[in-house]
Amino acid sequence: MPSSTTTVRGACPHDCPDTCALLTTVENGRATRVQGNPAHAHTAGVLCAKVSKYPERTYHPERLLTPMKRSGPKGSGQFTPVSWDEALADIAARLQAIAARNPEAILPYSYAGTMGLVQGESMDRRFFHRLGASQLHRSICASAGGEGLLHTLGAKRGMKVEHFSQAQLILIWGSNSITSNLHFWRYAQEAKRNGARLVCIDPRRSETADKCHEHIQLLPGTDAALALALMHELIETDWLDHDYIARHTLGWEQLRERALQWPPERAAAVCGLPAEQIRRLARDYGTTRPAAIRLNYGVQRVRGGANAVRAIACLPALVGAWRQSAGGLLLSSSGEFPVQEATLQRPDLLAGRSPRTLNMVTLGDDLLHPGSADFGPQVEALVVYNSNPAAVAPDSGQVCAGLAREDLFTVVLELFQTDTADWADYLLPATTQLEQWDVHLAYGHTDVLLNRPAIAPLGQARSNAQIFRDLAAHMGYTEPCFTDSDEQLCRQAYGTEVDFDLLLTQGFAPLAVPEAPFAEGGFATPSGKCEFFSQRLQDAGHDPLPGYVPNHEVPGSCTRYPLAMISPPARNFLNSSFANVASLQAQEQRPLVEIHPQDAAARGIADGALVRLFNDRGSYLCHAQVGQRARPGVVNALGIWWHKLSPGGGNMNHLTSQALTDLGAGPTFYDCLVEVALEREGAQAATAPPAECAAPPRA
Ligand SMILES: Nc1nc2c(c(=O)[nH]1)N[C@H]1C(S)=C(S)[C@@H](COP(=O)(O)OP(=O)(O)OC[C@H]3O[C@@H](n4cnc5c(=O)[nH]c(N)nc54)[C@H](O)[C@@H]3O)O[C@H]1N2
Ligand SMILES: Nc1nc2c(c(=O)[nH]1)N[C@H]1C(S)=C(S)[C@@H](COP(=O)(O)OP(=O)(O)OC[C@H]3O[C@@H](n4cnc5c(=O)[nH]c(N)nc54)[C@H](O)[C@@H]3O)O[C@H]1N2
Ligand code: SF4
Ligand SMILES: [Mo]
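Procedures and definitions
- Residues numbered from 1 in each chain as written.
- Chains lettered and ligands numbered in written order.
- Predicted model: local features only at pLDDT ≥ 70, side-chain atom pairs only at ≥ 80, totals over all residues.
- Heavy atoms only, no water.
- Pairing = 2+ DSSP bridges.
- Helix = DSSP H or I, 4+ residues; strand = E, 2+ residues; numbered from the N terminus.
- Axes fitted to C-alpha atoms, helices over the stretch in contact; angles between N-to-C directions.
- Near = heavy atom within 4 Å.
- Polar contact = N/O pair within 3.5 Å; in protein donor to acceptor, adjacent residues only side chain to side chain.
- Areas by Shrake-Rupley, 256 points an atom, 1.4 Å probe, with all protein chains shown as cover.
- Nonpolar A, V, L, I, M, F, W, Y, C, P; charged D, E, K, R; others polar.
- Domains from an automatic or database assignment.
- Contact = heavy atoms within 4.5 Å.
- Buried area = accessible area lost by both parts, 1.4 Å probe.
- Phe/Tyr/Trp six-rings, centres within 6.5 Å; stacked < 30°, edge-to-face > 60°.
- Buried < 20%, exposed > 50% of the residue type's maximum accessible area, 1.4 Å probe, protein only.
- Lys NZ or Arg CZ within 6 Å of the ring centre and 35° of its normal.

Draft legend 1. View of the sheet that holds strand S8 (residues 169-173). The sheet built from 5 strands is open, its strands ordered S10-S9-S8-S12-S13 with parallel pairing. With partners counted over all chains shown, the strands left at the sheet margins are strand S10 (214-216) and strand S13 (328-330), one partner each. The mean angle between the axes of side-by-side strands here comes to 20°, regardless of whether they run parallel or antiparallel. Across 3 bridges, strand S12 (residues 291-295) lies against S13 in parallel orientation.

So this is what it looks like as C-alpha cells:
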C-alpha cells in the first residue's frame, strides 16, 4: 500500500478559554502529531503542553476500547467485555423499567470533558428530554460568576481578548493565566513589552504572579471588599468618569453610599493586605488608560463569588474604561455565540413535562437522599459522560458513598477507567476529539471552530452522540431527530448564523463582534445600563447592590481548622483530565500542597514531607511543598489528581464542601478550612468535628 500523510483541521475540546485550532498530522491512518494552527490568530501555531501530547493520550494503553459490564463488587473496577448490542439492550431495559415508575429517578450527569456542542449537548439532551429524566443544573464551574455578570453587564460578553495587547494597565484577577489561559497571556506579554503594568490579584503566588509587576496576595473570598475599597478611593479622589456614569449606569448614588463604607483600612483588615497597597492599586486603576481587567473564575468559588464578580464588573463603568477597545473587562465571551440551542437540544421533546432539576454540585447529598415529597424520587440511575464526579465534585466522601449504593444503576461513557468509572455497572468506550465531528464556541475569544475527525474510532469506541442515538433506537424512540448524524448536528448548531462552508474550508470563523462593546453603553441588562443596582435581584429578595459576602468558612475563624485551603488547577492537568498521561504526570510529579514556611515550621513539616490535610469532611494525603507560593494561613492543594493515583487514595475534594454560592448555586471549592499534620506511620487522623466548626449550612 502506498503511504499517505494528511493534515486535518480540528479544535481543542477542553474546558479552557483558549479553544485552540488544531492541525493533526495523520500518517497511514495514525495520528502522529498535533500542533496549533498558525493560520488561526489566537492559537498562533502554539498549543499548551497538555494538548501537544494528544497522540500519547489518544493511543494511551489504557484507552477503553470495548463496552464492559461490571463483574466484581460495586466499586471494584472489575469488568468483562460485552457486545454493544448486549450493553445497549440491557441499559435500555433498565432505564425503561425505572422510567415506567418515574423517569425523574434517572439523572444525567455531564460537564465539559469536551466542550463541543455536538458531543457535549445535543443528542444526549434530546435523549433525556424525550425520556423525561431529571434535569441537571450544570453549575460546577461558572454559575456564580455567570450570575454576577448577568446582573451587572447583562450577559457573558466583554473585551475582545486581542485588545489586551494595547492596554496600559492589566489587572489579572483570580486567574493563573500561564496555566489556564495561555493565549491571553501572549497578549498580556505584548502589552508588557509596550510598557503596560501587570498586576496579579491572587491568594497564591502563581506562575503568573511571578511575571507581573505587582502581586496583590489577598485572602481567598475577599475580592468584593477589595473592589469596594477601590471604589472608595476612586470616589474620594474623584478619578471617576461622571459623564459615563450618568449616561450608562444605574444606581450610582446607592453604590456610592455602599462604597463609602469601605475605606482601604477596613478592606485591608478583611483582605489581609496593607492599606497602602490598596491605595496604590486605586491610583493605578484611576489614572492609567486604557485599563483592562482579565477576570477569571478563580474569584467565584467561594460563598460570595457572584457578589465579587458583580463588584469587580462595576469598576470599568466607574472610570469609563469601556470607552476604549483596550479597556474594560473580560470574564467570558461565550454569550456572543448564536448557538441554536432549541434545535440542538429539543426541549420540546419534554412534551409539557417539567422534571425537577438537581444541582451537580450536591451530587453527594442527592445520591444519598431517600426520596421525599420535596425532593421527588430517590435517584435510581445515573448516566455519566464528559465528567469525572468522583474526583471533581465537592465532598468526595459523600459522592463515593452515593456511588456505592447497591441499588443505584450507573452507566459511564468514558475514554479511561477514571475514579468514577470504577463505580459503573456499564462502562462504554467513547471516542476522543481526534475521532469525532464537533463544532465549538469559546469563552476566551469570539471565533467558532469546527473539528473534523482525523482518524477512525479506536477499537469499538463510539462518539457520545452516536451512543445516545443508539440508546434512543433501543428505547424505541422514532422521532426523526434521533437519526441526525454527527455531521448534521454540526450544521444545526449555528444554523445559518455561521458560514458552515467557511468552517469546512478554513476550520474557524470569527464572529462579527463590536471592537468596544460598551463604549456607548448598550448593556444587555433590562435597563440597558451597567446595573450597579439590580431591580431583578431586589425582587428576588437579594441585595440589589454588590456587597462583601464573607466565606462560609472564614479564614482564621476556627481554631481546630486554622488554615484556608484553595485548590486551583495544575498546569499539566485539565481538571482531572490528563492526570493519567505519563509524561504530564511526570511534570506534576506527585500530589502536593503548597504551604508557607511559617505554617510548615509550626507543624514540624519539612519540604517534601508526607502530610495529611483534614477537616470534619475527610482527609487527603499528599506531599508538602514548603515555600512562598502559599501565603501564611492559606494552603494550596493543586489539582485534580485521581483518587487512585494518590498515596492515600483520595484528593482535595475529600475536604471541600457542598455548600453553595450567594447566587447561581455554584460550588465553593476555595471556601474550605483545614488543618495539616505531618503524617506518621500508623497515626490516626483526628476527624471528629468540634461544635464550633460544625459543617456550614447551605446557602
Ligand atoms: N492547565 C489548566 N488549564 C485550565 C484548567 C486546568 O485545570 N488546568 N481548568 C480550566 C477550567 S475548568 C476553567 S473554569 C478555566 C478557568 O479556571 P480558573 O480556575 O479560573 O483557573 P486559574 O486561572 O488557573 O486559577 C484560578 C486562580 O484563582 C486563584 N484564586 C483562588 N481563590 C481566589 C480568590 O478568592 N480570589 C482571587 N482573586 N483569586 C483566587 C487561584 O490561586 C488561581 O491562581 O481554566 C481552564 N484551564
Ligand atoms: N477542588 C477543586 N475541584 C474542582 C475545581 C477546582 O478548581 N478545585 N474545578 C472545578 C471546575 S472549574 C470544573 S469545570 C470541574 C470539571 O469537571 P469535569 O468536567 O468532570 O472535568 P474533568 O475532570 O476534566 O473530567 C472530564 C472527563 O470527561 C472525559 N471525556 C473527555 N472527552 C470525552 C468525550 O468525548 N466523551 C466522553 N464520554 N468522555 C469524555 C475525560 O476522560 C474526563 O474523565 O471540576 C471542578 N472541580
Ligand atoms: S487546553 Fe487550552 S491552551 Fe491547551 S490546546 Fe486546548 S485550548 Fe489551547
Ligand atoms: Mo471550569
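Draft legend 2. Structural detail: the site of ligand 2. In the vicinity of ligand 2 lie 31 residues, with Ser387, Glu414, Ser576, Ser577 and Tyr670 positioned nearest. A distance of 2.7 Å is found between an oxygen atom of ligand 2 and a side-chain nitrogen or oxygen belonging to Ser387. The contact in question runs from an oxygen atom of ligand 2 to an N or O atom on the side chain of Ser576, over 2.5 Å. Expressed as a share of its isolated accessible area of 920 Å², the protein-covered part of ligand 2 is 97%. Considering only residue class, the shell around ligand 2 consists of 13 nonpolar, 14 polar and 4 charged. Composition of the shell around ligand 2 by domain shows at least three residues from each of domain 2 (68-141 + 357-510) and domain 4 (563-693).

Draft legend 3. Inspection of the domain arrangement of the chain at higher detail. Along its sequence, the chain is carved into domain 1 (5-58), domain 2 (68-141 + 357-510), domain 3 (145-331) and domain 4 (563-693). Using only C-alpha atoms to locate each centre, domain 1 and domain 4 end up separated by 32 Å. In this complex, domain 1 contributes 10 residues to the contact, which on the side of domain 4 involves 11 residues. Across the interface of domain 1 and domain 4, roughly 810 Å² is buried in total on both sides, 69% from carbon and sulfur atoms.

Draft legend 4. Main features of the packing of aromatic side chains. This model, assessed by the stated rule, comprises 17 aromatic pairs. Seen from their ring centres, Tyr54 and Phe578 are 6.3 Å apart, and the 50° between their planes marks the pair as tilted. With a gap of 524 residues between them, Tyr54 in helix H2 (residues 54-58) and Phe578 in the loop between strand S22 (563-566) and helix H24 (582-588) connect regions that are remote in the sequence. Take Tyr54: its relative accessible area is 1%, and that puts it in the buried class. Using a relative accessible area of 1% as the deciding quantity, one classes Phe578 as buried. Where Tyr385 meets Phe468, the ring centres are 5.0 Å apart and the plane angle is 65°; that geometry is what we call edge-to-face. Note that Tyr385 is positioned in strand S15 (residues 381-385) and Phe468 in helix H20 (residues 464-475), a separation of 83 residues in sequence. Judged by relative accessible area, Phe468 falls into the buried class, the value being 0%. What links up through ring pairs into an aromatic cluster is the set Phe127, Phe128, Tyr385, Phe468, Tyr477 and Phe482. Its end group placed over the ring of Phe578, Arg57 keeps NZ or CZ at 4.9 Å from the ring centre. Note that Arg356 overlies the ring of Phe375, its terminal NZ or CZ placed 4.8 Å from the centroid.

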